[in-house]
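Each chain is listed here by its residues.
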Amino acid sequence: SVGPEAALIWRCWLAGRGRALLEFAVLFEAHAALPNEVLHSTLLALASIRVIEDERLGEAMTTLAAALPTALELFVEARSGGAAALRQLLIKAEGYLLKPTLVHLRGSRRLPHAWTLRLDAIGEALAKIAEAPSETDYALLSQRVLELELHDSIALDECKAIYAQAEMARRLAAFLVVRSDRRWAAARGPLGKFEALAGWYTQEGGYVDLARQRVRGASGGEGKFAQGVHAVLAKVDALRVEQDREFAAALPKWLESNRPGRRLLGIDTAIDRWGARFLRSEGGAKRRVLVVVLDGMAWAQAVELLAELGSETTATPWHPLGWNREVAELDPRGAFVPVLASLPTVTEVSRSALFAGEPTTPGVSPRTTDDDARWAKHPSIAPLFAGSSSSRKPTLLVSSEAFDKQGLSAAARAAIADERAPALAVLINTIDKALGSDKLDEAPWTIKRIGPLRELFDAARDAGRVVLLCSDHGNVSGQRLRYAGSGVGG
């Protein structure tokens, strides 16, 4: 006893129309996933003409759709270049339908046009949120993005890039709906909003800026999808500009108030707060710290690196240290305390303050070649070396000393493993170098992209060292810059 589909398959095979039936089964599957009366009647009529005329065809549409996954697996296995052959089969199947009917194929997880329709649906949902953010529309958007992820085209590299853009656009839409920056309560006083903006940015703003960069830098996607992405991005861009201007206007007031450290800190205090205090606290005699300074790392790059460090599957993940009570003391809402770079926020000025442990003298332009001497005299770190031989002092390794062609240098490994050195600093310039090219935002900032950074962290783990990951200053993405011509006037 067999179902109606078996008799149809046998008759079509005898008539040399088995492939045509397989193509229509793909369309039947699309209808079964998202039923539509127009599509049902169109498919039934076309299949009767193009494949076979049989009274059992309507009854077999559902069972043929259910049998399709196994049939397509066998189809791919039976051919060399099976994936390409399958792609051609899907395109041929779409070709049976006229454009007005193609709009009903969104339920298909296989058809190329269904991918386009799902992108359009995402674009429409994004446009609605950009115009009037609502939780209801965001729930629909999330469902649409999930539908895109479940489409078979996600395996194609170009489609992976478009999906990543859709996912980042979804995050920006979430920000528009939630507006977490408004929920970050500000303390009373002239600096309350300034401190709140800094706290919000370290907690969530870096993720917002990361999403902006990824959405803007991605290629692929046209029509309604591109329009929706642009609408959300433009809305978030405008809000971030407003926040930045508000923060910039309040920054001089913080400086004039002698940089109060209630809820944020100056960069010159960072190593004392999270490095020296950790080493000086109870049990600190057995502790060791590795200070890793990534020159030019902004929060948009930091959050990517932190996420990857925390989700590694091949080694023990890295996480913020539970010892850090400073977070709860300054602001219990955030996982990180905001640290402001020294002004002007250039390497020479801000990095010198980090390594010297004190503000840079106004009007002075320090030399970066003196960073090792500043680090050796850091007022909180240098005393930790007291009692050791007079030749021992805090050491700073620059990239050329820490890394060689094989990866982490022997000198760096020895310095990290040295139990007599409570603190060691390594300076890495990879991100700062990217600022001078067009490669800053061209790809995700992964551990692999920053050379042998993983080896550095592994060596720290093996030596029992806690890593203090720092930046000397951030950066502003140049993706929105446009050529305005040359010359003056006009």
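The sections below set out a description of the structure shown in this document. (Residues numbered from 1 in each chain as written. Predicted model: local features only at pLDDT ≥ 70, side-chain atom pairs only at ≥ 80, totals over all residues. Heavy atoms only, no water.)

Concerning the overall build of the protein chain
The helix and strand tally for the protein chain stands at 21 helices and eight strands. The globule rule puts the C-alpha radius of gyration for 490 residues at 23 Å, and the 30 Å found for the protein chain is more than 25% above it. Along the longest, intermediate and shortest principal axes, the C-alpha atoms of the protein chain span 95 × 55 × 50 Å. Here the protein chain holds 490 residues, and 47% of them are scored as buried. By sequence separation, contacts in the protein chain at least 24 residues apart represent 72% of the contacts at least 6 residues apart. Once the 60 positive and 59 negative side-chain charges of the protein chain are each reduced to a mean point, those two points are 3 Å apart. (Helix = DSSP H or I, 4+ residues; strand = E, 2+ residues; numbered from the N terminus. Rg over C-alpha atoms; globule rule 2.2 N^0.38 Å. Buried < 20%, exposed > 50% of the residue type's maximum accessible area, 1.4 Å probe, protein only. Contact = heavy atoms within 4.5 Å. Lys, Arg positive; Asp, Glu negative; His and termini not counted. Charge placed at Lys NZ, Arg CZ, Asp CG, Glu CD.)

A few points about the pattern of salt bridges
According to the stated counting rule, one finds 35 salt bridges in the structure shown. A salt bridge links Asp244 to Arg240, with the nearest nitrogen and oxygen atoms 3.1 Å apart. Separated by four residues within a single helix, Asp244 and Arg240 lie in helix 12 (residues 223-256), roughly one turn from each other. Residue Asp244 is classed as partly exposed on the basis of its relative accessible area, which comes to 40%. A salt bridge links Arg351 to Asp371; the shortest N-O distance between them is 2.8 Å. Taken together, the positions of Arg351 in helix 16 (residues 347-356) and Asp371 in helix 17 (residues 371-376) put the pair 20 residues apart, joining distant regions of the chain. Residue Asp371 is classed as buried on the basis of its relative accessible area, which comes to 2%. Ionic contacts of the salt-bridge type, sharing partners, join the residues Asp209, Arg212, Arg216, Asp237, Arg240, Asp244 and Arg480 into one network. (Salt bridge = Lys/Arg side-chain N within 4 Å of Asp/Glu carboxyl O.)

Describing the packing of helix 3 (residues 37-50) against helix 4 (residues 57-77)
Direction vectors running N to C along helix 3 and helix 4 enclose 110 degrees, while the axes themselves pass 10 Å from each other. One element, helix 3, and the other, helix 4, form an angle in the roughly perpendicular class. Contact residues: His40, Leu43, Leu44, Ala47 and Ser48 in helix 3; Leu57, Gly58 and Met61 in helix 4. (Axes fitted to C-alpha atoms, helices over the stretch in contact; angles between N-to-C directions. Parallel < 35°, antiparallel > 145°, perpendicular 65-115°, else oblique.)

Considerations on the nonpolar core
If you look at the biggest cluster of nonpolar residues, it comprises 36 residues, and the most contacted ones within it are Phe24, Leu27, Phe28, Leu97, Leu105 and Leu111. Mapped by element, the contributors of at least two residues to this core are helix 1 (4-14), helix 2 (18-33), helix 3, helix 4, helix 5 (82-94) and helix 7 (112-131). Discounting residues that sit within four places of it in the chain, Leu111 has contacts with Val26, Leu27, Ala30, Leu90, Ala93, Glu94, Leu105 and His151. (Core = buried A, V, L, I, M, F, W, Y, C linked by side-chain atoms within 4.5 Å.)

Brief notes about the sheet that holds strand 7 (residues 423-428)
Here four strands make up an open sheet; going across it, the order is 4-7-2-8 and the pairing parallel. A single partner strand is all that each edge strand has here, and the edge strands are strand 4 (395-397) and strand 8 (465-470). The average undirected angle you get between the axes of adjacent strands in this sheet is 20 degrees. The sheet contact formed by strand 2 (residues 288-294) and strand 7 spans six bridges and is parallel. Each bridged residue has a counterpart across the sheet, and for Val289 the counterpart in strand 7 is Ala423. Packed onto the sheet, helix 13 (residues 270-280) meets strand 2, strand 7 and strand 8 and runs at close to 165 degrees relative to strand 2. (Pairing = 2+ DSSP bridges.)

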